[in-house]
Amino acid sequence: EISLKGVIIYIIEVVFISPLIGAAFGLGSVCCIGLLNHRMRKEDTIMQISVTFCCAYLSFFVAEYTLEVSGVLSCCTAGVVLAVLSPALIFEPESMESVWSTI
(Lines give C-alpha, C1' and ligand atoms only; values in the text may rest on other atoms or scores of the structure.)
Protein backbone atom coordinates (compact mmCIF):
# COMPACT_ATOMS: atom_id res chain seq x y z
CA GLU A 1 0.00 0.00 0.00
CA ILE A 2 1.26 3.44 -0.93
CA SER A 3 1.30 6.06 1.80
CA LEU A 4 2.25 9.72 1.80
CA LYS A 5 5.10 9.00 4.21
CA GLY A 6 6.46 6.31 1.89
CA VAL A 7 6.32 8.61 -1.12
CA ILE A 8 8.11 11.40 0.75
CA ILE A 9 10.86 9.03 1.91
CA TYR A 10 11.30 7.74 -1.64
CA ILE A 11 11.59 11.26 -3.05
CA ILE A 12 14.16 12.20 -0.40
CA GLU A 13 16.20 9.11 -1.26
CA VAL A 14 16.09 9.79 -4.98
CA VAL A 15 16.64 13.54 -4.87
CA PHE A 16 19.21 13.79 -2.09
CA ILE A 17 20.87 10.52 -1.15
CA SER A 18 21.58 9.14 -4.63
CA PRO A 19 23.37 12.28 -5.86
CA LEU A 20 25.35 12.51 -2.62
CA ILE A 21 26.63 8.98 -3.15
CA GLY A 22 27.56 9.82 -6.73
CA ALA A 23 29.28 13.03 -5.68
CA ALA A 24 31.29 11.14 -3.06
CA PHE A 25 32.44 8.58 -5.63
CA GLY A 26 33.19 11.34 -8.13
CA LEU A 27 35.26 13.36 -5.65
CA GLY A 28 37.14 10.26 -4.55
CA SER A 29 37.89 9.43 -8.16
CA VAL A 30 39.11 12.97 -8.87
CA CYS A 31 41.50 12.64 -5.93
CA CYS A 32 42.77 9.30 -7.28
CA ILE A 33 43.20 10.73 -10.78
CA GLY A 34 45.16 13.62 -9.29
CA LEU A 35 47.46 11.20 -7.48
CA LEU A 36 48.02 9.33 -10.75
CA ASN A 37 49.02 12.44 -12.68
CA HIS A 38 52.73 11.77 -13.20
CA ARG A 39 53.69 12.92 -16.66
CA MET A 40 56.71 10.62 -16.72
CA ARG A 41 54.95 7.27 -16.33
CA LYS A 42 52.90 5.79 -19.16
CA GLU A 43 51.06 3.41 -16.79
CA ASP A 44 49.28 6.34 -15.18
CA THR A 45 47.10 6.81 -18.25
CA ILE A 46 45.82 3.26 -17.94
CA MET A 47 45.29 3.72 -14.21
CA GLN A 48 43.37 6.96 -14.74
CA ILE A 49 41.08 5.23 -17.23
CA SER A 50 40.61 2.37 -14.75
CA VAL A 51 39.65 4.83 -12.02
CA THR A 52 36.89 6.26 -14.22
CA PHE A 53 35.57 2.75 -14.91
CA CYS A 54 35.58 1.90 -11.23
CA CYS A 55 33.84 5.16 -10.40
CA ALA A 56 31.06 4.51 -12.89
CA TYR A 57 30.37 0.91 -11.96
CA LEU A 58 30.95 1.13 -8.21
CA SER A 59 28.79 4.22 -7.78
CA PHE A 60 25.95 2.41 -9.55
CA PHE A 61 26.24 -0.89 -7.71
CA VAL A 62 26.79 0.57 -4.25
CA ALA A 63 23.81 2.88 -4.62
CA GLU A 64 21.49 0.41 -6.33
CA TYR A 65 22.22 -2.87 -4.59
CA THR A 66 23.85 -1.97 -1.28
CA LEU A 67 21.98 1.16 -0.27
CA GLU A 68 18.87 0.51 -2.39
CA VAL A 69 18.62 4.02 -3.83
CA SER A 70 18.85 5.15 -7.47
CA GLY A 71 22.02 3.78 -9.00
CA VAL A 72 21.44 5.60 -12.29
CA LEU A 73 21.22 8.99 -10.58
CA SER A 74 24.28 8.19 -8.50
CA CYS A 75 26.29 7.16 -11.58
CA CYS A 76 25.20 10.27 -13.51
CA THR A 77 26.20 12.55 -10.64
CA ALA A 78 29.59 10.85 -10.37
CA GLY A 79 30.07 11.39 -14.10
CA VAL A 80 29.19 15.07 -13.85
CA VAL A 81 31.63 15.56 -10.97
CA LEU A 82 34.37 13.84 -12.97
CA ALA A 83 33.56 15.86 -16.10
CA VAL A 84 33.74 19.15 -14.22
CA LEU A 85 36.75 18.56 -11.95
CA SER A 86 39.09 16.12 -13.67
CA PRO A 87 39.90 17.39 -17.22
CA ALA A 88 42.95 19.34 -16.03
CA LEU A 89 44.26 16.25 -14.22
CA ILE A 90 43.96 13.72 -17.04
CA PHE A 91 47.31 12.90 -18.59
CA GLU A 92 46.10 11.89 -22.07
CA PRO A 93 42.55 13.15 -22.72
CA GLU A 94 42.58 11.64 -26.21
CA SER A 95 43.06 8.14 -24.79
CA MET A 96 40.31 8.65 -22.24
CA GLU A 97 37.92 9.91 -24.93
CA SER A 98 38.82 7.01 -27.22
CA VAL A 99 38.14 4.38 -24.56
CA TRP A 100 34.84 5.89 -23.40
CA SER A 101 33.57 6.50 -26.93
CA THR A 102 34.23 2.84 -27.73
CA ILE A 103 32.12 1.75 -24.80
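Residues numbered from 1 in each chain as written. Predicted model: local features only at pLDDT ≥ 70, side-chain atom pairs only at ≥ 80, totals over all residues. Heavy atoms only, no water.

Caption draft 1: Inspection of the packing of aromatic side chains at higher detail. Tallying each qualifying case throughout the model produces four aromatic pairs. Note on phenylalanine 60 and tyrosine 65: the rings are 6.2 Å apart at their centroids and 80 degrees apart in plane angle, and the pair reads as edge-to-face. Since its relative accessible area comes to 21%, phenylalanine 60 is described here as partly exposed. Here tyrosine 65 falls in the exposed class, since its relative accessible area comes to 56%. Considering the side-chain rings of phenylalanine 61 and tyrosine 65, the 5.5 Å spacing of their centres and the 25 degrees angle between planes classify their relative orientation as stacked. (Phe/Tyr/Trp six-rings, centres within 6.5 Å; stacked < 30°, edge-to-face > 60°. Buried < 20%, exposed > 50% of the residue type's maximum accessible area, 1.4 Å probe, protein only.)

Caption draft 2: Highlighting unusual backbone geometry. Phi at glutamate 68 takes a positive value of approximately 55 degrees, unusual for a residue other than glycine. Tracing the backbone shows glutamate 68 in the loop between α2 (43–66) and α3 (71–85). Using a relative accessible area of 62% as the deciding quantity, one classes glutamate 68 as exposed. (Helix = DSSP H or I, 4+ residues; strand = E, 2+ residues; numbered from the N terminus.)

Caption draft 3: Local environment of the layout of surface pockets. Estimated volume of the largest pocket: approximately 280 Å³. Taken together, 14 residues form the lining of the largest pocket, with Thr52, Gly79, Leu82, Met96 and Trp100 sitting closest to its centre. Among the elements that take part in the lining of the largest pocket, α3 stands out by supplying five residues, more than any other. Per-class residue counts for the lining of the largest pocket are ten nonpolar, three polar and one charged. (1 Å grid on protein atoms, 1.4 Å probe; cavity = no way out; pocket = protein on both sides within 12 Å on 5 of 7 lines; lining within 4 Å. Points joined across faces, edges and corners; volume = space filled by probe spheres on them. Nonpolar A, V, L, I, M, F, W, Y, C, P; charged D, E, K, R; others polar.)

Caption draft 4: The side chain of serine 59, seen in detail. Along the chain, serine 59 falls in helix α2. Among the residues examined, serine 59 registers a relative accessible area of 0% and is labelled buried. Leave out the neighbours within four places in its chain, and serine 59 touches Phe25, Cys54, Ser74, Cys75 and Ala78. (Contact = heavy atoms within 4.5 Å.)

Caption draft 5: Structural detail: α3. For α3, built from 15 residues, the straight-helix expectation of 21 Å at 1.5 Å per residue is met to within 8% by its first-to-last C-alpha distance of 21 Å. Taken as a whole, α3 has its buried residues at Gly71, Ser74, Thr77, Ala78, Val81 and Leu82. Here the buried residues of α3 occupy an arc of 135 degrees about the axis, which is enough to place them on one side. Set apart from the buried face of α3 by more than 90 degrees, the exposed residues are Val72, Val80, Ala83 and Val84. Lining the buried residues of α3 we find α1 (4–35) and α2. N-capping of α3 is provided by serine 70, with a side-chain oxygen placed 3.2 Å from the backbone N of leucine 73. (Expected span 1.5 Å × (residues − 1). Arc of directions from axis to C-beta. Polar contact = N/O pair within 3.5 Å; in protein donor to acceptor, adjacent residues only side chain to side chain.)

Caption draft 6: A look at the packing of α1 against α3. Running from N to C, α1 and α3 cross one another at 40 degrees; their axes reach a closest spacing of 7 Å. Viewed along their axes, α1 and α3 adopt a mutual orientation that is oblique. Once α1 is placed against α3, the crossing between them reads as right-handed. Across the interface between the two elements, Val14, Ser18, Pro19, Ile21, Gly22, Ala23, Gly26, Leu27, Ser29, Val30 and Ile33 from α1 touch Leu73, Ser74, Thr77, Ala78, Val81, Leu82 and Leu85 from α3. (Axes fitted to C-alpha atoms, helices over the stretch in contact; angles between N-to-C directions. Parallel < 35°, antiparallel > 145°, perpendicular 65-115°, else oblique. Left-handed = near helix turned anticlockwise from the far one by under 90°.)

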